[in-house]
Amino acid sequence: MSRYRRSLRLWSGALTAALALTVTTVGQASAADVNNARNAGFESGLSDWTCSAGSGTTVSSPVHAGTAALKATPAGQDNARCSQTVRVQPGSTYTLGAWVRGGYAYLGVSGTGTTDVSTWTPDSTSWKQLSTSFTTGSSTTSVTVYTHGWYGQAAYYADDVSVFGPDGGGGTDPGPAIPAAPSGLNVSGTTSSSVSLAWNPVSGATGYTVYRDGTKATAVAGTSATVTGLAASTSYSFRVTATNAAGESPKSAAVTGTTNQPNGPGPALPKHAVTGYWQNFNNGATVQKLSDVPSHYAIIAVSFADATSTPGAVTFDLDSAGLNGYTVDQFKADVRAKQAAGKRVVISVGGERGTVTVNDAASAANFAGSVYSLMQTYGFDGVDIDLENGLNATYMTQALRSLSAKAGPSLVLTMAPQTIDMQSTSNAYFRTALNVKDILTVVNMQYYKSGSMLGCDGKVYSQGTVDFLTALACVQLENGLAPSQVGLGLPASTRAAGGGYVPPSVVNNALDCLTKGSGCGSFKPPRTYPDLRGAMTWSTNWDATAGNAWSNAVGPHVHGLP
């Protein structure tokens, strides 16, 4: 921090090395505001601009608007300053703006004859608007407006520079027109007392106004805002407009944001929890409504979301016919009832036959957007990742980060990898879990349909034994996951999976071995993990088929762990 502050002080002393625009004033203010900058969008290359040490050039991509933008690259002791002279009027107020992205970017003005001002932003992967205002002195006929990068940092881009104010006689760009209505308005996060919003930038806008239920809530310069002071568990309608010196745009399309319940979406998950998969299909197991799931299950994973024709996107359709006429309205009401009872209901993505693929930025965005839409439609608390045909760690991480940004801190994120997926931190599934560790609820690895695997002691263990459960859990516990993020996933009966079933008593012995050091087989963990989250089963339907023997035995045992 001390080095950073010193750098800022050095920068303030080196302001004259910045990208500069000189503005000259003549006469008295009498005309409508215009943009006094010339070649403000760099459509004519570097005409009217001067860049230090040959640091500037124009590029066709990325651009904020039009067909060109400035790219300036700091090097050595040069911070990539470019400049232009524009005439203005004395004793007048001007609004200075520019759109920037890339490395550190600074925008400011000097030689005003009054108070010189500046603003800046750190590196950004998308276009951001910098804006400030200044007043010229009574005899000021020119000022220097600048933007520049910073030493040792990446190149920055600038576009659509503007100096709006009284016509100084030297500008050629037209004054501002009323901007278009913003698009892409979405809810990016919620708490019990606030709703966060984001939208796409509008060309020519210098600010934005957010309306809540038709009343102005806040005004901001950027393309995001958080509206606070809201009531818990309440839905609000939001719209946003774009503004500049010419006026205010029409309102955007409305979005609805619903605040969380007090202290989140409901009571916090218990320290130790049982997860159960609920089947949205009839495969011979007991057909259930969500309301039929026993109270021992704290997390219910609705199986499954289905892939769509859009890469990465998923959808969910309740199989009312296969579930004996269970309606969507009944299902939604049962989700709310489970949540009111302190349970969490998540939508599971994948399964043995799942074909969801997230392998690039577009499909990651589609995944996050579609899952969040399902959360809003059905009331799901989050998502379960059960992709048994592999995943891309980079883009699944990106998708889950994006979903977290939309859903906020109340998101429940669970995973159900196969044993092979968690043998090493180099595996994509394990890497993904570690990448999102700060937002991860629990990994319930499937200790079935597996065959033999390595334990954390390097020895081989066969499925169907207490040692298989404890030695493989140890791999996760000793390689980055918190104990509260580890659960043991087992079949509810011999009919539920092709192999790996163990009696509930073996599950309980493994839980005791990991949390208390008792009930172990030949494998002894290097330490105990009293915060171990608990256990999972496939499925609540197969559990019901066997008279709920699994949950009746494992449920109370999990709840009674230290």
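Everything that follows concerns the structure shown earlier in this document.
All values reported here derive from a predicted model rather than from experimental measurement.

A word on the overall build of the protein
Each helix and strand in the protein was counted, giving 9 helices and 31 strands. A principal-axis box enclosing the C-alpha atoms of the protein has dimensions of 90 × 50 × 40 Å. Within the protein, the proportion of its 562 residues that are buried is 52%. Summarising the internal contacts of the protein: among those between residues at least 6 apart in sequence, 75% fall at separations of at least 24. If you sum the accessible surface of the protein, you get close to 21800 Å²; carbon and sulfur atoms cover 48% of it. Measuring between centres, the 33 positive side-chain charges of the protein sit 7 Å from its 32 negative side-chain charges.

Focus: the sheet that holds strand 13 (residues 186–190)
As summarised here, the arrangement of the 3 strands in space is 13-14-17, forming an open sheet in which the pairing is antiparallel. On the outer flanks of this sheet lie strand 13 and strand 17 (224–227), each paired with one strand and no other. The average angle at which neighbouring strand axes cross in this sheet is 25 degrees, direction not considered. In this structure, strand 14 (residues 195–198) lies alongside strand 17, joined through 4 bridges in antiparallel fashion.

Quick word on the nonpolar core
The biggest cluster of nonpolar side chains holds 120 residues, and the ones touching the most others in it are Leu197, Trp278, Phe331, Phe367, Phe380 and Ile385. Setting aside residues up to four positions removed in sequence, Phe380 forms contacts with Val302, Phe316, Phe331, Gln339, Val345, Val346, Ile347, Leu374 and Met375.

Considerations on the environment of Thr357
Along the chain, the position of Thr357 falls in the loop between strand 24 (344–351) and helix 3 (361–378). A residue is classified by how much of its surface remains accessible, and Thr357, at 42% relative accessible area, is partly exposed. Discounting residues that sit within four places of it in the chain, Thr357 has contacts with Pro311, Gly312 and Ser363.

A closer look at unusual backbone geometry
Residues Ser303 and Phe304 are joined by a peptide bond in cis, for which omega reads 5 degrees. Residue position: Phe304 is located in strand 22 (residues 299–307). Here the amide bond leading from Trp538 into Ser539 is cis, since omega sits at 0 degrees, within 30 degrees of zero. The topology assignment puts Ser539 in the loop between strand 31 (534–538) and helix 8 (540–545). At Phe42, a position not held by glycine, the phi torsion is positive, near 60 degrees. Within the secondary structure, Phe42 sits in the loop between strand 2 (34–35) and strand 3 (50–51).

Side note on the side chain of Asp386
Mapped onto the secondary structure, Asp386 falls in strand 25 (residues 382–387). In this structure, Asp386 is buried with no salt-bridge partner, the nearest side chain bearing the opposite charge being Lys449 at 7.6 Å. A polar contact is formed between the side chain of Asp386 and the side chain of Gln446, at a distance of 3.0 Å.

Side note on the environment of Gly499
Mapping Gly499 onto the fold places it in the loop between strand 30 (486–491) and helix 7 (504–516). For the pair formed by Gly499 and Lys449, sequence separation is 50 residues and the distance between their alpha carbons is 5.0 Å. If we skip the residues at most four places from it in the chain, Gly499 touches Tyr448, Lys449, Gln463 and Pro491.

Conventions used here
Residues numbered from 1 in each chain as written. Predicted model: local features only at pLDDT ≥ 70, side-chain atom pairs only at ≥ 80, totals over all residues. Heavy atoms only, no water. Helix = DSSP H or I, 4+ residues; strand = E, 2+ residues; numbered from the N terminus. Buried < 20%, exposed > 50% of the residue type's maximum accessible area, 1.4 Å probe, protein only. Contact = heavy atoms within 4.5 Å. Areas by Shrake-Rupley, 256 points an atom, 1.4 Å probe, with all protein chains shown as cover. Lys, Arg positive; Asp, Glu negative; His and termini not counted. Charge placed at Lys NZ, Arg CZ, Asp CG, Glu CD. Pairing = 2+ DSSP bridges. Axes fitted to C-alpha atoms, helices over the stretch in contact; angles between N-to-C directions. Core = buried A, V, L, I, M, F, W, Y, C linked by side-chain atoms within 4.5 Å. Salt bridge = Lys/Arg side-chain N within 4 Å of Asp/Glu carboxyl O. Polar contact = N/O pair within 3.5 Å; in protein donor to acceptor, adjacent residues only side chain to side chain.

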